[in-house]
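Each chain is listed here by its residues.
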Amino acid sequence: CLNGDVVPNRMGNSHPNVIPYRAFASSDGHIIITCGNDAQFKRLCDSLGMPEMPIDPKYVSNEARLSNRAALESRLQTVLIKMRKKEIIDLLELADVPCGPINTLPEVFADPHVIARETKVELQRSDGAIIKTVAFPAKLSGSPATYRSPPPILGGNTEEVLQDWMSLDKCKINVLRRNNVI
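Analysis parameters
Residues numbered from 1 in each chain as written. Predicted model: local features only at pLDDT ≥ 70, side-chain atom pairs only at ≥ 80, totals over all residues. Heavy atoms only, no water. Helix = DSSP H or I, 4+ residues; strand = E, 2+ residues; numbered from the N terminus. Contact = heavy atoms within 4.5 Å. Core = buried A, V, L, I, M, F, W, Y, C linked by side-chain atoms within 4.5 Å. Buried < 20%, exposed > 50% of the residue type's maximum accessible area, 1.4 Å probe, protein only. Phe/Tyr/Trp six-rings, centres within 6.5 Å; stacked < 30°, edge-to-face > 60°. Lys NZ or Arg CZ within 6 Å of the ring centre and 35° of its normal. Arc of directions from axis to C-beta. Polar contact = N/O pair within 3.5 Å; in protein donor to acceptor, adjacent residues only side chain to side chain.

1. Overview of the environment of Met-83
Along the chain, Met-83 falls in the loop between α3 (69-80) and α4 (85-94). Sequence separation of Met-83 and Ser-26 is 57 residues, and the distance between their C-alpha atoms is 5.6 Å. Once you skip the residues sitting within four places of it in the chain, Met-83 turns out to touch Ser-26, Ser-27, Asp-28, Leu-48, Ile-88 and Leu-91.

Rendered as structure tokens:
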């Protein structure tokens, strides 16, 4: 776009110039596979039990794969949908093929790295409720983030907001309360 003044069409997670490079469905979720060169593509195919693909003229080079994107992705998807995410990732990591899971939110918060970085913060409200929230992502040694108060209950800060932001005094706030405005 910057150099050729061509705005690419939307392609979801697919890459416009490299294939395969997108999210694929497995039997229990999604993964992303990114083959940036012919050697990675060969290792992908060998790992998935498809050794004929990298020598097929339709898929022998990235240029050929681009011309046959739909057929290639369909063939890969047919194999991948029968496998579990972990199984695919384990195979491809052994073969040095770039890949990774597309995690659900529960999977994100169960990830050992996310746990080690203390990404989930629990705060207790005055009514005793535990409110779970996401931590500030940067871990600063000199000035670490602090978590002083949980989000208030509905209406819990109404009077403070009306006083501080709207400059209303207690009398005006009481009128609003009597008239069921707040």
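2. Describing the nonpolar core
Residues Ile-33, Phe-41, Leu-44 and Leu-76 are the most contacted members of the largest nonpolar core, which totals 21 residues. Listed by contribution, the elements that provide at least two residues to this core are β2 (29-34), α1 (38-47), α3 and α4. Not counting residues within four places of it along the chain, the set of residues in contact with Leu-44 comprises Pro-20, Ile-33, Cys-35, Leu-76, Leu-92 and Val-97.

3. A word on the packing of aromatic side chains
Considering all chains together, one arrives at zero aromatic pairs under this definition. Its guanidinium or amino end placed over the ring of Phe-24, Arg-22 lies 4.1 Å from that ring's centre, counting from NZ or CZ. In this arrangement the basic side chain of Arg-65 is found over the ring face of Phe-41, its NZ or CZ atom lying 4.3 Å from the centre.

4. Re α1
Restricting attention to buried positions, one finds in α1 the residues Gln-40, Phe-41, Leu-44 and Cys-45. The buried residues of α1 all sit within an arc of 135° when viewed along its axis, so they share a single face. Buried residues along α1 sit in contact with β2, α2 (62-67), α3 and α4. Two to three positions downstream of the cap, the backbone nitrogen of Ala-39 sits 3.1 Å from a side-chain oxygen, assigning the N-cap of α1 to Asn-37. Among the residues trailing α1, Gly-49 stands out with phi positive, at a value near 75°.

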